[in-house]
Amino acid sequence: SQQGEEDPQALSIQEGENATMNCSYKTSINNLQWYRQNSGRGLVHLILIRSNEREKHSGRLRVTLDTSKKSSSLLITASRAADTASYFCATDARKTGANSKLTFGKGITLSVRP
Amino acid sequence: DAGVIQSPRHEVTEMGQEVTLRCKPISGHNSLFWYRQTMMRGLELLIYFNNNVPIDDSGMPEDRFSAKMPNASFSTLKIQPSEPRDSAVYFCASSLSFVLQNLYEQYFGPGTRLTVT
């Protein structure tokens, strides 16, 4: 089963508005990462937040992590048409004595209307 | 840095044919990942290598799929024989990470779009 599940599945907003995307996961994690994928391209890493961090910023991106609720949110402020893409959360599940690996959600399709 | 390089970018083949996908990771990265992406199943990890050694191949769908990493700068994913249900976009990614420790960000190639007719 998917470790990370994003919500909503699709989001359409006007340029200049903020976009909030959520991710929930099931098991304890080492870190959580957000990626962006433009149509026809590979995924691009946006930001990584560790399990002992609660909030992180990178330019117009703000990520929060609530380990008690096993959830994360990605906020894009002052959105632009160029932000139109699919966004994925990926979790690195905490495993004892085993090799961890990233598990990706199915993604959120964000459309920013000019 | 050229990033992760994959070839070919597009492959169209007939059912039963052998398909070989190639990947060159970012120089200095010690982990390499092969993923498959479809609308139905999303992004699935097929196999990953650390220091050229396969660490986890539990995502490889069946014996028709095999992957090799003969050296730090090259990996192949082979499907033999190919079937229409193998049609998907296959991504290679690399990262600097360590066995038994936290993974760091992964850098993805542009993908190979495979169509099996």
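Residues numbered from 1 in each chain as written. Chains lettered and ligands numbered in written order. Predicted model: local features only at pLDDT ≥ 70, side-chain atom pairs only at ≥ 80, totals over all residues. Heavy atoms only, no water.

**Quick look at the packing of aromatic side chains**
Residue and element names in this part refer to chain B.
And then number 1: Counted according to the given criterion, the structure contains 8 aromatic pairs over all chains.
And then number 2: For the pair F91 and F108, a centre-to-centre distance of 6.2 Å together with 75 degrees between the ring planes defines the contact as edge-to-face. Placement of the pair is F91 in strand β9 (residues 88–95) and F108 in strand β10 (residues 107–108), with a sequence separation of 17 residues. Each of the two residues, F91 as well as F108, counts as buried. (Phe/Tyr/Trp six-rings, centres within 6.5 Å; stacked < 30°, edge-to-face > 60°. Helix = DSSP H or I, 4+ residues; strand = E, 2+ residues; numbered from the N terminus. Buried < 20%, exposed > 50% of the residue type's maximum accessible area, 1.4 Å probe, protein only.)

**A few points about the state of the cysteines**
And then number 1: For the coordinates displayed, the defined rule picks out 2 disulfides over all chains.
And then number 2: Each disulfide pairs two cysteine sulfurs, and for C23(A) the partner residue is C89(A), the sulfurs being separated by 2.0 Å. Where C23(A) bonds to C89(A) through sulfur, the torsion about that S-S bond is close to 60 degrees, and the disulfide is right-handed. A residue pair is termed long-range when its members are at least 10 positions apart, and C23(A) in strand β3 (residues 19–25) and C89(A) in strand β9 (residues 85–93) qualify at 66 residues.
And then number 3: We classify C23(A) as buried; its relative accessible area is 2%.
And then number 4: C89(A) gets classed as buried once you look at its relative accessible area, which sits at 0%.
And then number 5: Between the sulfur atoms of C23(B) and its disulfide partner C92(B) the distance amounts to 1.9 Å. Taking the torsion about the S-S bond as the criterion, the C23(B) to C92(B) disulfide, at about -65 degrees, is left-handed. One end of the pair, C23(B), is in strand β3 (residues 19–24); the other, C92(B), is in strand β9, and 69 residues separate them in sequence. Taken individually, C23(B) and C92(B) each receive the classification buried, so the pair is uniform in this respect. (Disulfide = S-S within 2.5 Å.)

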